[in-house]
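# Chain and residue survey
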Amino acid sequence: MKKIYFISDIHLGLYPYEESRKREKKVVRWLDSIKGDVAELYLVGDIFDFWHEHKRVVPKGFVRFLGKLAELSDAGVKIHFFSGNHDVWAYGYFKDEINIDIHHKPVTPVYNGKKFFIGHGDGIGPGDTAYKLLKWTFRNKFLQWWFARLHPNFSMWLGTSWSKSSRYSKGIVAEEYAGPEKEFQILFAKDEIKKNHYDYFIFGHRHIPWDLKLNEKSRIINLGDWIYSFTYAVFDGSNLELKQFEGDGSKIRRSMEP
């Protein structure tokens, strides 16, 4: 069986742009390194720091990355794109141009008898009411229609200005790991496996790479990011592993004790 790869939170286009270009070249190197054995590729949200598609206009840039995705797709690799909280406004462009499947909600595929729960991981679990309201605003169909009426020069300026104000553009690392009793994704997964069995939960969003055991049969993985950790996951048909590209894996939090 060829392998299935998962990556999230690259934040291409994040200010300063020189650093974004370096990350783009690095992720292209990673895509080159896996092209010999990849069957499916999951892009699990926040691939772009800001992305909005007008009907006939899309953001400029990212040609190395998009070109490499097109190369993989043309070679028969199935690619999935999940809208995150930064690139929620992805509609039909990737499907039309590169044949990439777009997902705005989590999916639950089964591979080789292993059941997965895959999603960006934002706005799940208990609490975090303010963010859930913001997420509803971003996904509201009327507000999306209204935003699309803005001239692309203005809407892209607005989006990139928002990008410049983020903590990551200022070099501030994401929040620390809060522990299994406070992390919303872990609390969500623990509640979910009471109702349905999943072998693996795979999320992004938190920018903290972890591989944790929920019980004797289930694990939860957060894919980390490509600002600080440069981590990804790979499923070889029997096992799922979280790895660090061009690193020793020291940034990954692991626990095989439920």
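Reading guide: rules and limits
In this numbering scheme, every chain counts its residues from 1 along its sequence in written order. It should be noted that, the model being predicted, local features are given only for residues of pLDDT at least 70 and side-chain atom pairs only at 80 or more, the latter also being counted only at that level, while totals for whole chains, interfaces and linings use all residues. To get the side-chain values, all heavy atoms of the structure are used, and hydrogens and water are removed first. Only residues whose relative accessible area exceeds 30% and that form no salt bridge are eligible for patches; like-charged ones are grouped when within 9 Å, while nonpolar side chains (Val, Leu, Ile, Met, Phe, Trp, Tyr) are grouped when within 5 Å. Accessible surface is estimated by sampling points in the Shrake-Rupley manner with a 1.4 Å probe; for residues, cover comes only from the protein chains shown. Salt bridges are defined by distance alone: a side-chain nitrogen of Lys or Arg within 4 Å of a carboxyl oxygen of Asp or Glu. Only runs of H or I of at least four residues qualify as helices and only runs of E of at least two qualify as strands under DSSP, and these elements are numbered from the N terminus. Buried means the residue's accessible area, taken with a 1.4 Å probe over protein chains only, is under 20% of the maximum for its type, while exposed means over 50%, and partly exposed covers the values in between. Only strands joined by at least two bridges in the DSSP assignment are considered to pair. Note on aromatic contacts: the rings of Phe and Tyr and the six-membered ring of Trp form a pair at centre separations within 6.5 Å, being stacked when their planes are under 30 degrees apart, edge-to-face when over 60 apart, and tilted otherwise. Charge over a ring is defined by NZ of Lys or CZ of Arg lying within 6 Å of the ring centre and within 35 degrees of the ring normal. What the arc describes is the spread of directions from the helix axis to the C-beta atoms. Here, two residues are considered to be in contact whenever any of their heavy atoms come within 4.5 Å of each other. In this scheme, a helix's expected span is set at 1.5 Å multiplied by one less than its residue total. The nonpolar core is taken to be a set of buried Ala, Val, Leu, Ile, Met, Phe, Trp, Tyr and Cys residues, with the residues joined through side-chain atoms within 4.5 Å. Orientation is described by lines fitted to C-alpha atoms, with helices fitted over the stretch in contact, and by angles between N-to-C directions that extend from 0 to 180 degrees.

On the surface, Phe142, Leu143, Trp145 and Trp146 cluster together to form a nonpolar patch covering roughly 460 Å² of accessible area. Following the sequence through the fold, Trp146 ends up in helix H5 (residues 141-148). What makes Trp146 partly exposed here is its relative accessible area of 47%.

Where burial is concerned, the two faces of strand E7 (residues 200-203) agree: the one with Tyr200 and Ile202 and the one with Phe201 and Phe203 are both buried. For strand E6 (residues 114-118) and E7, the ladder comprises three bridges, and the chain directions are parallel. Counterpart to Phe117 in the pairing with E7 is Phe201. Pairing geometry for E7 and strand E9 (residues 219-222), over four bridges, is parallel. Note that in E9 the partner of Ile202 across the bridge is Ile221.

Bringing unusual backbone geometry into the picture now. What you tend to see is this: most non-glycine residues have negative phi, and most peptide bonds are trans. Here the residue pair Tyr15 and Pro16 is connected by a cis peptide bond, since its omega of 0 degrees sits within 30 degrees of zero. Phi angles above zero are rare outside glycine, and Phe62 is one such case at about 65 degrees. A residue is classified by how much of its surface remains accessible, and Phe62, at 13% relative accessible area, is buried. Backbone geometry at His207 places phi at a positive 65 degrees, although glycine is not the residue there. Mapping His207 onto the fold places it in the loop between E7 and strand E8 (210-213). Note on His207: relative accessible area 8%, which makes it buried.

Take the packing of aromatic side chains next. For any pair of aromatic rings, the description consists of the separation of the ring centres together with the inter-plane angle of the planes. For the structure shown, the criterion picks out 32 aromatic pairs. Between Phe116 and Phe235, the ring centres sit 5.1 Å apart and the planes meet at 80 degrees, which makes this aromatic pair edge-to-face. Taken together, the positions of Phe116 in strand E6 and Phe235 in strand E10 (residues 231-235) put the pair 119 residues apart, joining distant regions of the chain. Accessibility assignment for this pair places Phe116 and Phe235 in one class, buried. A cation over a ring is seen here: Lys26 above Phe230, with NZ or CZ 3.7 Å from the ring centre.

Below, the discussion takes up helix H7 (residues 184-192). Spacing of three or four residues puts side chains on the same side of an α-helix, whose turn is 3.6 residues. Within H7, the full set of buried residues consists of Gln185, Ile186, Phe188, Ala189 and Glu192. End-on view of H7: buried residues confined to an arc of 160 degrees, all on one side of the axis. Buried-residue contacts for H7 involve E6, E7, E8 and E9.

On to helix H1 (residues 17-34). Over its 18 residues, H1 runs 26 Å from end to end, which matches the ideal 26 Å to within 8%, given 1.5 Å per residue. Buried within H1 we find Ser20, Arg23, Glu24, Lys26, Val27, Val28, Trp30, Leu31 and Ile34.

We now examine the nonpolar core. By size, the foremost hydrophobic cluster in this structure holds 31 residues, and its most contacted members are Trp30, Leu41, Leu43, Phe48, Phe65 and Leu69. Beyond its immediate chain neighbours, meaning those up to four positions away, Phe65 contacts Ile10, Leu12, Glu24, Val27, Val28, Leu31, Leu43, Ile47 and Phe48.

This part takes up the sheet that holds strand E5 (residues 110-111). Pairing within the open sheet is mixed, and its six strands lie in the order E5-E6-E7-E9-E8-E12. Edge strands, defined here as strands with exactly one partner in the open sheet, are E5 and strand E12 (253-255). By the bridge criterion, four bridges tie E8 to E9 in an arrangement that is antiparallel. Residue pairing in the sheet places Lys213 in a bridge with Arg219 of E9.

Let's shift gears to the sheet that holds E10. A sheet is described by the order of its strands in space; here six strands give the open sequence E4-E3-E2-E1-E10-E11, paired in mixed fashion. The open sheet has two edge strands, strand E4 (101-103) and strand E11 (240-244), and neither has a second partner. Sheet twist, expressed as the mean angle between neighbouring strand axes with direction ignored, is 20 degrees. Here strand E3 (residues 78-82) runs beside E4; their pairing, made up of three bridges, is parallel. Bridge assignment links Phe82 to a residue of E4, and that residue is His103. In this fold H1 packs onto strand E1 (3-7), strand E2 (38-43) and E10, with an angle of close to 170 degrees to the strand it touches most, E1. Those strands touched by helix H2 (residues 63-74) are E2 and E3, and its axis lies near 140 degrees from that of E2.

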